[in-house]
Amino acid sequence: MKPPEFVRRWHVHGLIRVACYLGVVSMGLMCWSVLRPAALPVVIGMSVGQGLGVLAFLCYLLAVINDISRAPPASTREPPSTRDTPT
Amino acid sequence: MRARVEHPVTWLGYVCVAAAVLAILIIGWYLRKQPRLDFTTKLVLLVGLGVLPAISAGSSTVTGMEATTKRHFCGSCHVMDPYVNDAGNPESQSLAARHGRNPFFGDRNCYVCHADYGMYGYPMTKLAGMNHVYQYYVRGWRNYTIEEALAKLHISKPYDNLNCRQCHSGTLADWGTVPEHVALEKELASNAVSCASSGCHGYAHPFSKKDGAEGLPQSALGSDKPDRAVPSALPSAARDRIAEEKRKEAERRAADEAAREAAKEAAREAAKKAAKERGTKKEQTP
């Protein structure tokens, strides 16, 4: 099964970079809620922080799916044994 | 002046921070090195973007939920300062402060008394808390002075006596010996009369009421003010019932006292009689 065309157009490394930045922000917010347990940090940490964390993981998953779908299927690759055999 | 508030970080909080730091280190490594996206890199990134953030999110949720039950959390909005300061004041005699000194409540006394109970109690309490945060940051509560807050902000619905009766069970025999409890049973069950009202057990936060110290119980006021005055807002029928129950209770106590006195008198008579009989027997013995 292949992902839709518009998803396949997204660059794998770009998606992972976005995931990384989102992950850093989300963990910063979650740590803020733990270190300063007041109303606003806790609410933001548990809503925006966790939401961004989920988004980061989805971006990573999408990147991995894209990467796998772009790689040539194993059946079409030339087996290494035929290349290495001396003629 | 705002009281200095301590925020002790629990061990779960340290787990959250440690997981976040590790995840950020992995992410930093990827962004700096930009390695080829082979199986190992994907696995490392799965740990950095999936596993460690999940640990961080789980522990921060538990820590956050636990923090929302603490008194210093309620005090993070300045409009709650008078209530939080009073509840933590060892000299205060208000109902809230006396419960705060009880180790069963401790620094969770705001939550234990104000959380709704029952099946949907927990989510409904959290929703109400979210509404408070919304009102504070969006609807302008944060701009109120303490005086304005005391005048304008009130409990959103009548305090449920059920919250008191979670601990002070109405099924105990002692509860039923208090005339006011017996006379006002229906009113207490329907929240028409609050346990924490002037004339009963006193206001939980007396400074927030117009009649101020009148809401404090006798123990806080000294002996010159009447304790357990009949709440003035009650209908006359309820007042009559309280008077009737008080009269019955007084009669019961008088009858008990008379019975005890009669028993003592009978015991004294029996002892005298026994002594007299012993004396007669001694005289008859040669």
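Rules and cut-offs
- Residues numbered from 1 in each chain as written.
- Chains lettered and ligands numbered in written order.
- Predicted model: local features only at pLDDT ≥ 70, side-chain atom pairs only at ≥ 80, totals over all residues.
- Heavy atoms only, no water.
- Helix = DSSP H or I, 4+ residues; strand = E, 2+ residues; numbered from the N terminus.
- Buried < 20%, exposed > 50% of the residue type's maximum accessible area, 1.4 Å probe, protein only.
- Contact = heavy atoms within 4.5 Å.
- Buried area = accessible area lost by both parts, 1.4 Å probe.
- Salt bridge = Lys/Arg side-chain N within 4 Å of Asp/Glu carboxyl O.
- Polar contact = N/O pair within 3.5 Å; in protein donor to acceptor, adjacent residues only side chain to side chain.
- Nonpolar A, V, L, I, M, F, W, Y, C, P; charged D, E, K, R; others polar.
- Core = buried A, V, L, I, M, F, W, Y, C linked by side-chain atoms within 4.5 Å.
- Patch = residues over 30% accessible without salt bridge, like charges linked within 9 Å, V, L, I, M, F, W, Y side chains within 5 Å.
- Areas by Shrake-Rupley, 256 points an atom, 1.4 Å probe, with all protein chains shown as cover.
- Axes fitted to C-alpha atoms, helices over the stretch in contact; angles between N-to-C directions.
- Parallel < 35°, antiparallel > 145°, perpendicular 65-115°, else oblique.
- Left-handed = near helix turned anticlockwise from the far one by under 90°.

## Looking at the overall build of chain A
- When its secondary structure is counted, chain A shows four helices and zero strands.
- Ordered by position from the N terminus, the helices and strands of chain A form the series α-α-α-α.
- A buried classification covers 34% of the 87 residues belonging to chain A.
- In chain A, the share of contacts with a sequence separation of at least 24, taken over all contacts with a separation of at least 6, comes to 69%.

## As for the interface of chain A and chain B
- Taken together, the contact between chain A and chain B spans 28 residues of the former and 38 residues of the latter.
- Buried area between chain A and chain B, both sides added, is near 2800 Å², and the carbon and sulfur share of it is 80%.
- It is Met27(A), Val34(A) and Tyr60(A) that lose the most area in chain A upon contact with chain B, and together they represent 21% of the buried surface on that side.
- In this structure, the connection of chain A to chain B is made through one salt bridge.
- Two residues, Asp67(A) and Lys42(B), come together in a salt bridge whose shortest N-O distance is 2.7 Å.
- Linking chain A with chain B are seven residue pairs in polar contact (both at pLDDT 80 or more), by the criterion used here.
- Secondary-structure elements contributing two or more residues to the side of chain A that touches chain B are helix H2 (12-35) and helix H3 (39-70) of chain A.
- Element by element, the count of residues in the side of chain A that touches chain B is highest for H2(A), at 15 residues.
- Residue composition of the side of chain A that touches chain B, by class: 22 nonpolar, four polar and two charged.

## A few points about the nonpolar core
- Membership of the largest hydrophobic core comes to 25 residues, with the highest contact counts inside it found for Ile16(A), Met27(A), Tyr60(A), Leu45(B) and Leu49(B).
- Secondary structure elements with two or more residues in this core: H2 and H3 of chain A together with helix H1 (11-33) and helix H2 (39-67) of chain B.
- Contact partners of Tyr60(A), with chain neighbours within four places excluded, come to Ala19(A), Lys42(B), Leu43(B), Leu45(B), Leu46(B) and Leu49(B).
- Core analysis: the second largest hydrophobic core is formed by 11 residues, Tyr159(B), Ala183(B), Leu184(B) and Leu188(B) among them.

## Structural notes on the pattern of salt bridges
Residues and elements named next belong to chain B.
- Following the criterion strictly, the structure yields four salt bridges over all chains and no others.
- Here arginine 268 ties to glutamate 265 by a salt bridge, and the two come within 2.9 Å at their closest N and O atoms. Placement of the pair is arginine 268 and glutamate 265 together in helix H13 (residues 236-284), with a separation of three residues, close to one helical turn.
- For arginine 268, a relative accessible area of 44% gives the class partly exposed.
- Overall, glutamate 265 belongs to the partly exposed group, its relative accessible area being 38%.

## Here we look at a nonpolar patch on the surface
Residues and elements named next belong to chain B.
- On the surface, a cluster of nonpolar side chains totalling about 590 Å² of accessible area is made up of Trp11, Tyr14, Val15, Val47, Val51 and Ile55.
- Where the nonpolar patch is concerned, the elements lending two or more residues are H1 and H2.
- Residue position: valine 47 is located in helix H2.

## Things to note about unusual backbone geometry
Residue and element names in this part refer to chain B.
- Of note, the phi angle at glutamine 34 is positive, near 50°, even though the residue is not glycine.
- For glutamine 34, the location among the structural elements is in the loop between H1 and H2.
- On the basis of relative accessible area, glutamine 34 is assigned to the partly exposed category, the value being 34%.
- You will see that asparagine 191, though not glycine, has its phi angle at about 65°, which is positive.
- Note on placement: asparagine 191 falls in the loop between helix H11 (185-189) and helix H12 (218-221).
- Asparagine 191 gets classed as partly exposed once you look at its relative accessible area, which sits at 25%.

## What to know about the packing of H1(B) against H2(B)
All names here are of chain B.
- With their axes 8 Å apart at the nearest point, H1 and H2 run at an angle of 155° to one another. When the axes of H1 and H2 are compared, the pair comes out roughly antiparallel. Judged by the twist between their axes, the crossing of H1 over H2 is left-handed.
- Per-class residue counts for the contact of H1 with H2 are 19 nonpolar, seven polar and no charged.

## Structural notes on the environment of Arg247(B)
All names here are of chain B.
- On the secondary structure map, arginine 247 appears in helix H13.
- Assessed through its relative accessible area of 40%, arginine 247 is described here as partly exposed.
- In this structure, the C-alpha to C-alpha distance between arginine 247 and proline 179, residues 68 residues apart in sequence, is 8.7 Å.
- Among the polar contacts made by the side chain of arginine 247, one reaches the side chain of glutamate 251 at a distance of 2.4 Å.

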